[in-house]
Amino acid sequence: MKKLLALAVAGTMAVSLAACGSSASSAPASSEATSEAATSAAESAAESVVETTQGGKVGVCIYKFDDAFMTTYRNALQEILEGKGYEVTIVDGNNDQAKQNEQINTFITQGVDALIINPVMTSAADQIISTVKDADVPTVLINREPTADQMSAYDKLVYVGCDAAQSGTFQGELILDTENKGDINGDGKVSYIMIQGDPENIDAQLRTEYSVKALTDAGVEVEQLDLQRGDWDRNKGQEICQNDLAKYGDQIEVVFCNNDDMAIGALQAIQAAGRTVNKDIYLVGVDALDAAKNEVANGNMTGTVLNDAKGQATQAVECMEELLGGKTYAAGEQSVYVDYVKVTPDNVKDFQ
């Protein structure tokens, strides 16, 4: 509708400008020159009208509000969208896919112009995509990436996020950058525990795989002492690490956490056990939450990996606006990535 309005207004202005051009000149202008001037004026007018009529209704679905990273992300989304004049409604899925499905249907019934969805479960992607496709609603998926085959079902769909394999690789490189490459006790291997997010989540899967792969690719021998799901939760991270420290003691040289919230929990357990990060144990996370950056700066975390919430939110809105403008995405080209960045004691001040 906005485009039609813009064209209509532009056309009216073009006719008016053409008429003014004819009467303002004492010498008759050629019809070709008048037409060119009118066309140029019409294009400028159309651009002006599109800019000033920006806005619409946007529904945003977040998998759960009490996730620390997604809180930062949704706040950035809200600020950007409202700053552009959109009417924004953000809903909490409470980590319940059935509830989120209802929320998506409600948004469609309410006539939103676009949807931004952080799926509760990537395994539900087929249903989500089918729903938005049937309703012909331009949709941006964020943070949890479906497969390329799933997304190919709808050309008004795009995923914006980061390449989770990269974040895992960077975690491994943070350990490789230590003076002993993670082998604190000098026995020729790195013994680690892995505190995983939701194992159904592709980010958790890839961070788990590629953090260790970075070590093995560098020729480092590894030993997995334990791998448990912490569901991205600080308290669960603390509990898992506490139990593992009690069970394995000094055998644990590295604690890998799929996100910072679990890493902060693990740090609490490490300190309670009398261990010292960067001296007799290493600890890495992902997200670069403020709390984690402070711990990196204070020497209580070996490092973290910046999951750029603001950068992703900005890109998500840009992609949404392209979809609203009529852009479609070809199969195999529906993932847009924002790079991760390693955060270490040497550069953490750049991110605080």
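Keep in mind that this is a model prediction, so the values were computed, not measured. Numbering of residues starts from 1 in each chain and follows the order in which that chain's sequence is written. Given that this is a predicted model, residues contribute local features only at a pLDDT of at least 70 and side-chain atom pairs are listed and counted only at 80 or more, while totals for whole chains, interfaces and linings are drawn from all residues. Here the side-chain values reflect all heavy atoms present in the structure, with hydrogen atoms and water set aside.

### Things to note about helix α9 (residues 234-248)
Cut-off, in case you're wondering: Comment: elements are numbered from the N terminus, with helices defined as DSSP H or I runs of at least four residues and strands as E runs of at least two. Multiplying one less than the number of residues by 1.5 Å gives the expected span of a helix. We call a residue buried when its accessible area falls under 20% of the maximum for its residue type, exposed when it is over 50%, and partly exposed in between, using a 1.4 Å probe and counting protein chains only. Arc, as used here, means the arc of the directions from the helix axis to the C-beta atoms. Here, residues are in contact when the closest pair of their heavy atoms is within 4.5 Å. Under this definition, polar contacts are N or O atom pairs within 3.5 Å; protein pairs additionally need one hydrogen-donor-capable and one acceptor-capable atom, and for neighbouring residues in sequence, both atoms have to be side-chain atoms.
For α9, spanning 15 residues, the distance from its first C-alpha to its last is 21 Å, which sits close to the expected 21 Å at 1.5 Å a residue. Along α9, the residues that are buried comprise Gly237, Ile240, Cys241, Asp244, Leu245 and Tyr248. The buried residues of α9 all sit within an arc of 130° when viewed along its axis, so they share a single face. Exposed and oriented more than 90 degrees from the buried face of α9 are Asn235, Ala246 and Lys247. Against the buried residues of α9 lie β6 (190-196), β7 (222-229), β8 (254-257) and α10 (260-272). N-cap assignment for α9: the residue whose side-chain oxygen lies 3.1 Å from the backbone N of Asn235 is Asp233. Just downstream of α9, Gly249 is the residue with a positive phi angle, here 55°.

### Structural notes on the pattern of salt bridges
Our working rule: Any Lys or Arg side-chain nitrogen located within 4 Å of an Asp or Glu carboxyl oxygen qualifies as a salt bridge.
For the coordinates displayed, the defined rule picks out 15 salt bridges. Arg229 is the salt-bridge partner of Asp198, the closest N and O atoms lying 3.4 Å from each other. Here Asp198 is found in the loop between β6 and α8 (202-217), whereas its partner Arg229 is found in strand β7, with 31 residues between them in sequence. Judged by its relative accessible area of 15%, Asp198 is buried. Note that Glu322 is salt-bridged to Lys327, the shortest N-O span being 3.4 Å. Overall, the relative accessible area of 37% leaves Lys327 in the partly exposed class.

### Overview of the confidence of the model for the chain
What counts is decided by this rule: Across the chain, each position has a pLDDT score giving the predictor's confidence in that residue, from 0 to 100.
Summary statistics for the chain give a mean pLDDT of 88 and a share of 85% for residues scoring 70 or more. Contacts for the low-pLDDT stretch residues 1-53, under 50 throughout, to residues beyond four places or in other chains number 22 contacts.

### A word on the side chain of Ser167
Topologically, Ser167 is positioned in helix α7 (residues 164-176). In terms of polar contacts, Ser167 uses its side chain to reach the backbone carbonyl oxygen of Ala164, at 2.6 Å. Excluding residues within four positions of it along the chain, Ser167 makes contact with Arg207, Val286, Val305 and Tyr340.

### With respect to the side chain of Arg275
Of note, Arg275 is situated in the loop between α10 and β9 (282-284). Overall, the relative accessible area of 10% leaves Arg275 in the buried class. In this structure the side chain of Arg275 is engaged in a polar contact, spanning 3.0 Å, whose partner is the backbone oxygen of Gly249. Separated by 2.8 Å, the side chain of Arg275 and the backbone oxygen of Asp280 make a polar contact. The residues contacting Arg275, other than those within four sequence positions of it, are Leu245, Gly249, Asp250, Ile252, Ile270, Asp280 and Ile281.

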